[in-house]
Amino acid sequence: MDSNNMALNEQRNKRKRIRKMKTGIVTFIGIWFMIITVVNVILCWRVIVLQNEVNALLRGKVEKTSVESAAPVQDISDETQEIGTLVTSDSGTGEENLRNADDILKVYLTFDDGPSDNSNQILDILDDYGVKATFFVTGKENSSSIAVYQRIVNEGHTIGMHSYSHKYNELYQSMDSFSADYNRIHNLILNTTGVDSHFYRFPGGSSNQVSDTDMAQFIHFLNSNNVTYVDWNVSSGDATSEPLTRDDLVENVMNDVVKYKTSVVLLHDASDKKTTVQALPKLIESLQREGAIILPISDDTKPIQHVTLVDNQ
């Protein structure tokens, strides 16, 4: 009898231990799932926050890129007592440049942002058509880029400066940063090609709204160094965020070129501008059919400038 009671007690104790173990396991699993759920919620929230930050950065990048193809600003009145006043210029779109029926068109094809993977293709096409253009280059010191600088000059094109870094926040931060960047790109071109370049295109143009510093200071600096800054009055649209076809680019240029006696056309020499390369032969042929003379920018070229600096004195 005692042995039977002992056996029953042992079985009861064993069942209690098993129930406790099951309860412990279930509790552990429940707590673990709660922890995982909380972590997932936190991670999802962080992903949403990061995505919003990325989207904001991308929007800022697109806005900066789009500045290059924007029309000249129409109301610029920044003033400094020492330097002068910036005023809007209509040198490319004013009445004196409007085409008359018997005017021969002068067209300057300009390419910003190179050298790139597309540079040699662009130069090949220009060579095929016997056309000279202008390249506003940035600072790249690898061997292939140096070879492009040299080829631009050797084949009779004009080489100009488009800043060394092309980083808006650094370039336009202050007069010191701008002058240091200018010296780097000027010396790079001089040392690699022997050309003392005195043509400059501001990233975003002289009328850009990106600079943290009054553009009058930078224009005064270039003027003091006998450097001519060159904007544009015709844009291909290849710098906008909207994808355009080859025919779109050609149409954009031709629609405006026929309006003016002199046109400075904004194009881009960048690795992601394959459509620009594809459009170039058709663009040249369209200009030639219109009777246009295609020229590189030179000292005889009257510059197109979105804004000019007027001495206050």
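Just so it is clear, the model here is predicted, and its values are computed rather than measured.

Peer 1: Looking at this model, I keep getting lost on the overall build of the chain. Mind explaining?
Peer 2: Regarding its fold elements, the chain presents eight helices and 11 strands. In the chain, which comprises 313 residues, the share counted as buried stands at 42%. Taking as baseline every contact in the chain between residues at least 6 positions apart, the subset at least 24 positions apart corresponds to 80%.

Peer 1: Just to check I follow, could you spell out the side chain of N233 for this structure?
Peer 2: Within the fold, N233 resides in the loop between β7 (228-229) and β8 (234-235). One polar contact links the side chain of N233 to the main-chain carbonyl oxygen of G92, over a distance of 2.8 Å. Separated by 2.8 Å, the side chain of N233 and the backbone nitrogen of V264 make a polar contact. With residues near it in sequence (within four places) discarded, N233 still touches G92, T93, N97, Y260, T262, S263, V264 and I304.

Peer 1: Help me understand the nonpolar core, please; the structure alone is not making it clear to me.
Peer 2: The nonpolar side chains of a soluble globular protein tend to be buried with one another. With 57 residues, the main nonpolar core has L109 and F202 as its most contacted residues. Leave out the neighbours within four places in its chain, and L109 touches V131, A133, T134, V265, L267, L280, L283, I284, L287, I294 and L295.

Peer 1: Explain helix α6 (residues 215-224) to me, please; I cannot follow it from the model alone.
Peer 2: It helps to recall that an α-helix has 3.6 residues per turn; residues three or four apart then point in one direction. Where α6 is concerned, the buried positions are M215, A216, F218, I219, F221 and L222. Tucked into the core, α6 has its buried residues touching β2 (84-88), α5 (175-193), β6 (199-200), β7 and β11 (307-310). Its side-chain oxygen at 3.0 Å from the backbone nitrogen of A216, D214 defines the N-terminal cap of α6. Looking at the residues trailing α6, positive phi occurs at N226, about 55°.

Peer 1: Sorry, what's going on with the packing of helix α3 (residues 143-154) against α5 here?
Peer 2: The relative placement of two packed helices comes down to the angle between their axes together with the axis-to-axis distance. Running from N to C, α3 and α5 cross one another at 70°; their axes reach a closest spacing of 9 Å. Comparing the axis directions of α3 and α5 gives the class roughly perpendicular. Two secondary-structure elements touch here, α3 through I146, Y149, Q150 and V153 and α5 through L188, T192 and T193. Along the lines of polarity and charge, the residues of the contact of α3 with α5 split into four nonpolar, three polar and no charged.

The rules behind the values
Residues numbered from 1 in each chain as written. Predicted model: local features only at pLDDT ≥ 70, side-chain atom pairs only at ≥ 80, totals over all residues. Heavy atoms only, no water. Helix = DSSP H or I, 4+ residues; strand = E, 2+ residues; numbered from the N terminus. Buried < 20%, exposed > 50% of the residue type's maximum accessible area, 1.4 Å probe, protein only. Contact = heavy atoms within 4.5 Å. Polar contact = N/O pair within 3.5 Å; in protein donor to acceptor, adjacent residues only side chain to side chain. Core = buried A, V, L, I, M, F, W, Y, C linked by side-chain atoms within 4.5 Å. Axes fitted to C-alpha atoms, helices over the stretch in contact; angles between N-to-C directions. Parallel < 35°, antiparallel > 145°, perpendicular 65-115°, else oblique. Nonpolar A, V, L, I, M, F, W, Y, C, P; charged D, E, K, R; others polar.

All quantities given are derived from atomic positions and should not be read as evidence of function.
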